[in-house]
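Architecture at a glance
The chain contents come next:
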Amino acid sequence: MLRMLRGIGKQRLLVLVLILLLASAVTAGCRSGKPAAEPAKQPAAQQPAPQPAAKDSQAPAKPAAETQPLKIGLVSGLSNWPAVFGVPAMEGFQFAADEINSAGGVLGRKLEMVKIDDEGSPFNSQQAIVKFYEQGIRFVMSGSHSTAVLAQKPKVEELKMLVISPLATDPAVTDTKDPYYFVDMVNNIYLGGSIGFYARKNLNLNTVLTFVRDDAYGTSINKAFEEKFVGDGGRVLAKVTYPTDAKDFRADLSKHLGAKPDAIMLTGFAPESGLIAGQARELGFQGTILATNPVLAPQYAEAAKAGAENTWASGAFSLDPNAMTDATKDYLAKWKAKFGKEPNVYQAHAYDAVYLLKKAIEDAKSTDLEPVRKAMLGIKNFNGASGVTTVAPDGSTQKPVRMMQYKDGGWKYITSLEPGKF
Amino acid sequence: MLVSIFLSALAVGCIYSLIAIGFSLIYRASGILDFSQGEMTMLGALLGWSLVSRASFPYLAAMAGVMVLVGVLSVLKQRIAYQPIRTRSNSPVLIIISSIGLLMILNQTAVLLWGAEPLQYPAQIAEGGRRLGGVWFPMQTLWIIGIAAVLMLVFHLVFHRTQFGRMMRAVADDPLMSRLVGINVNHSVGVTFLVAGALAAAAGALYAPIYYASYEIGIIGVKGFAAAILGGYGNIVGAMIGGIILGQVEAFGSTYISSAYRDVLAYTLLILVLLLRPQGILGERRRSDA
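Residues numbered from 1 in each chain as written. Chains lettered and ligands numbered in written order. Predicted model: local features only at pLDDT ≥ 70, side-chain atom pairs only at ≥ 80, totals over all residues. Heavy atoms only, no water.

Regarding the pattern of salt bridges
Residue and element names in this part refer to chain A.
- Evaluated as defined, the whole model comprises 16 salt bridges over all chains.
- Across the salt bridge formed by aspartate 178 and arginine 373, the nearest N and O atoms sit 3.0 Å from each other. Taken together, the positions of aspartate 178 in the loop between β4 (162–165) and β5 (181–183) and arginine 373 in helix α13 (residues 369–377) put the pair 195 residues apart, joining distant regions of the chain.
- Classification of aspartate 178 by relative accessible area gives partly exposed; the value is 43%.
- Of the charged contacts, one joins aspartate 363 and lysine 359 as a salt bridge, the two residues approaching to 3.2 Å between their closest N and O atoms. (Salt bridge = Lys/Arg side-chain N within 4 Å of Asp/Glu carboxyl O. Helix = DSSP H or I, 4+ residues; strand = E, 2+ residues; numbered from the N terminus. Buried < 20%, exposed > 50% of the residue type's maximum accessible area, 1.4 Å probe, protein only.)

Below, the structure is given as structure tokens:
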């Protein structure tokens, strides 16, 4: 070893060491798999601490395990393209947790949030579940997108954990008889189907050019949309499947707009949907744009600019006074007081996800997994920030879908479609 | 339809050309394969966003500003990350490792400073368009082509018609002889990095208003690199042509085959050109024993 080092030469050795230090510094700066800063002043030991003798001999002290903070895993895409919804989801989780802790916690236990950024990678997302399990965490909030969640799901079921997602709306996530994975946003069958139904029945649109995002979300939205739209007599003139990192759609738009579709259907997320809408308008398309929940995020209108006008979307959440429940109004006031701006769909659903877990724990009167899981499945008409939630036997959610129109520079609530009515 | 596709592809191709010129310039002047050029484009996009959105600069002033800022950063990069290695060992492997390390540092720094979410420029470079003979000419596309063309023309004139450009070419062709005739080679290499950084920043400032500014757009450096190889690595005019061809292949390939294969088509073309003409379209074939 020493002979080898001597052979390299001092200068080269110095350069090699500098490069290794640089690589270490860069690796240490990377977020992948690393939990965010741990909350301060939390007991590190998992062993119960010795309890002081109770002053009142008729009120025995609670066992130590029941006073220790309850660790909740938070995994979300905080970098790369999923940050558009991953960051708001994380904000919603944390806001709810802080509020719950201020009110005394759950069953007397404060919530300790342990965060991991999965960077949108399904592999990282799955590994996050394993890391949480190894830390003794059994309850997780996931702000990951559908593709990443589908990678998490087998691990969650194998390790018997309970995960709630506020935004993974692919129906395959809750395609289970005995679920450990719950989603508190209406799934793509509702989101895609409702806009397809509304486009035919209310907007009287006959033909559509569809842009299908080439991932689990896009394909499931498109499938549900086509079932309703085509099933009701509509025609899809062309379907363009695009990679998730696509930014330039002018070639496809130029090719297909000549067929003069009544509408363009967008199945993707806010940034690229906004680019499609903006580029379509630039090329002279003046028809209707159809989309689903993600385009309600501000990035859609920022990317589309004036092209966002006359966009119709099926949304899971609305701040329109006609659509808000009292619980939503209360949440809106608290959020604005803290952040100085209105919450979006992901923040509201993430907030509700934590409160759903709280309710399940309180209904079960336990923090053990199985009683809490059964209690989750029994939740009916939970009046939360995002609306009234009933948990279905497969872990999905039944909620009204809001039909929204982008008009005069903002989203306007038009009507609600109840489950079963389309 | 064909004209629309051609125009939008030309705009994107011009952006690739600006990045490719930077790659070729740096390689020609110093022999360095600089993988962090894409991050210079990313910084141009993000700094441009900051100047336009936060400091309310007019668009063209913001572009000039980012060209200066990123140009200076590029010189610092050369002085700190590459020059010491060249002086001590001149190992190509170590310089490549250094450029990759720099790529990661700049990328993560951008996330820390601007966050991970896409950032939209508040307005387009130019609104509206003109319809001529049934074809829609968006003003934004025409502006991008125009600005990129002016930049490339100015660069070409400076590089070929000025004393300063002659000096840069001399250093690029023969650093030893240049040193013997009194040219400050280190100074010339520094200026080359300044120009390459400025052109990459301009590419970013042109790219972002069409799409968005984000830490992840540095990946466009790969396209710029491919364009430089296609045109003949080290050949400036070749870099311009390579970028334009790459843009057209991507656009027409997406239209007539599938947009899902956009990158596959572009890199397949690159490989085919290299198999048939390894020096690139305008590159000069070198003897393997030269």
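Digging into the domain arrangement of chain A
Residues and elements named next belong to chain A.
- For chain A, the assigned domains are domain 1 (66–186 + 347–391) and domain 2 (189–315 + 402–417).
- Relative to domain 2, the C-alpha centre of domain 1 lies at a distance of 30 Å.
- Of the residues lining the interface, 11 residues belong to domain 1; the matching set on domain 2 comes to 13 residues.
- Across the domain 1 to domain 2 interface the summed buried area is about 1,000 Å²; carbon plus sulfur atoms make up 69%.
- Sorting the residues of domain 1 by area buried against domain 2 places Trp81, Val84 and Val186 first, and these three jointly supply 41% of that buried surface.
- The interface formed by domain 1 and domain 2 includes zero salt bridges.
- Inspection of the region where domain 1 meets domain 2 yields zero residue pairs in polar contact (both at pLDDT 80 or more).
- Secondary structure elements with two or more residues in the side of domain 1 that touches domain 2: α3 (83–102) and α5 (146–159). (Domains from an automatic or database assignment. Contact = heavy atoms within 4.5 Å. Buried area = accessible area lost by both parts, 1.4 Å probe. Polar contact = N/O pair within 3.5 Å; in protein donor to acceptor, adjacent residues only side chain to side chain.)

Observations regarding unusual backbone geometry
Residues and elements named next belong to chain A.
- Phi is positive for glutamate 119, close to 55 degrees, though the residue is something other than glycine.
- Assessed through its relative accessible area of 26%, glutamate 119 is described here as partly exposed.
- Of note, the phi angle at aspartate 408 is positive, near 55 degrees, even though the residue is not glycine.
- Note that aspartate 408 resides in the loop between β14 (401–407) and β15 (410–417).

A look at the interface of chain B and chain A
- At the interface, 40 residues of chain B touch 35 residues of chain A.
- Of the roughly 3,200 Å² buried where chain B meets chain A, counting both sides, 59% is carbon and sulfur surface.
- Applying the counting criterion to the chain B and chain A interface returns zero salt bridges.
- The tally of links from chain B across to chain A stands at two residue pairs in polar contact (both at pLDDT 80 or more).
- Broken down by secondary-structure element, the contributors of at least two residues to the side of chain B that touches chain A are α1 (2–30), α4 (92–114), β2 (135–138), α8 (185–210) and α10 (236–256) of chain B.
- Considering every element that reaches the side of chain B that touches chain A, the biggest residue donor is α4(B), with seven residues.
- Tallied by class, residues from the side of chain B that touches chain A come to 25 nonpolar, 10 polar and five charged. (Nonpolar A, V, L, I, M, F, W, Y, C, P; charged D, E, K, R; others polar.)

Quick word on the environment of Val163(A)
Residue and element names in this part refer to chain A.
- You can see valine 163 is positioned in strand β4.
- As for valine 163 and glutamine 152, which are separated by 11 residues in sequence, their C-alpha atoms are 9.4 Å apart.
- Apart from the residues lying within four places of it in its own chain, the contact partners of valine 163 are Ile129, Val140, Ser142, Val156, Tyr180, Tyr181 and Phe182.

Structural notes on the side chain of His145(A)
Residue and element names in this part refer to chain A.
- Locating histidine 145 in the fold gives a position in the loop between β3 (139–143) and α5.
- The buried category is assigned to histidine 145, whose relative accessible area is 4%.
- When residues no more than four places from it in sequence are discounted, the contact partners of histidine 145 are Trp81, Pro82, Phe85, Gly120 and Leu167.

Details of the packing of aromatic side chains
Residue and element names in this part refer to chain A.
- Tallying each qualifying case throughout the model produces 25 aromatic pairs over all chains.
- Between the aromatic rings of phenylalanine 95 and tyrosine 351, the centroid separation amounts to 5.7 Å while the plane-to-plane angle is 35 degrees, which identifies the pairing as tilted. Placement of phenylalanine 95 in helix α3 and of tyrosine 351 in helix α12 (residues 345–364) is noted, with a sequence separation of 256 residues between them.
- Tyrosine 351 gets classed as buried once you look at its relative accessible area, which sits at 6%. (Phe/Tyr/Trp six-rings, centres within 6.5 Å; stacked < 30°, edge-to-face > 60°.)

Comments concerning the nonpolar core
- By size, the foremost hydrophobic cluster in this structure holds 212 residues, and its most contacted members are Phe211(A) and Leu290(A).
- Residue contributions to this core peak at 17 residues, all from α8(B).
- Two domains each put at least three residues into this core: domain 1 (66–186 + 347–391) and domain 2 (189–315 + 402–417) of chain A.
- If we skip the residues at most four places from it in the chain, Phe211(A) touches Val240(A), Tyr242(A), Phe249(A), Asp252(A), Leu253(A), Ile264(A), Met265(A), Leu266(A), Thr267(A) and Ile276(A). (Core = buried A, V, L, I, M, F, W, Y, C linked by side-chain atoms within 4.5 Å.)

Here's the deal with the sheet that holds strand β7 (residues 235–242) of chain A
Residues and elements named next belong to chain A.
- Spatial strand order, β7-β6-β8-β9-β10-β14-β15: seven strands in an open sheet with mixed pairing. On the outer flanks of this sheet lie β7 and β15, each paired with one strand and no other. Looking at each pair of strands side by side, their axes are set apart by 20 degrees on average, direction ignored.
- In this structure, β14 lies alongside β15, joined through seven bridges in antiparallel fashion. Bridge pairing in β15 places tyrosine 406 opposite tryptophan 411.
- Most of the contacts of helix α7 (residues 216–229) go to strand β6 (residues 207–213), to which it runs at about 160 degrees, and overall it touches β6, β7, β8 (263–266) and β9 (288–292). (Pairing = 2+ DSSP bridges. Axes fitted to C-alpha atoms, helices over the stretch in contact; angles between N-to-C directions.)

Regarding the sheet that holds β4(A)
Residue and element names in this part refer to chain A.
- Strand order in the open sheet made by the five strands is β2-β1-β3-β4-β5, with parallel pairing throughout. Bordering the open sheet on either side are β2 (111–117) and β5, each of which pairs with just one other strand. Each adjacent strand pair in this sheet contributes to an overall mean axis angle of 25 degrees, direction not counted.
- Pairing of β4 with β5 involves three bridges; the strand directions are parallel. Note that in β5 the partner of serine 165 across the bridge is valine 183.
- Lying over the sheet, α5 contacts β1 (70–76), β3, β4 and β5, oriented at roughly 140 degrees with respect to β5.

Here's the deal with helix α9 (residues 270–282) of chain A
Residue and element names in this part refer to chain A.
- Over its 13 residues, α9 runs 18 Å from end to end, which matches the ideal 18 Å to within 8%, given 1.5 Å per residue.
- Summarising burial for α9: 13 of the 13 residues are buried, a large majority.
- Glycine 284 occupies a position one or two residues after α9 and carries a positive phi of about 100 degrees. (Expected span 1.5 Å × (residues − 1).)

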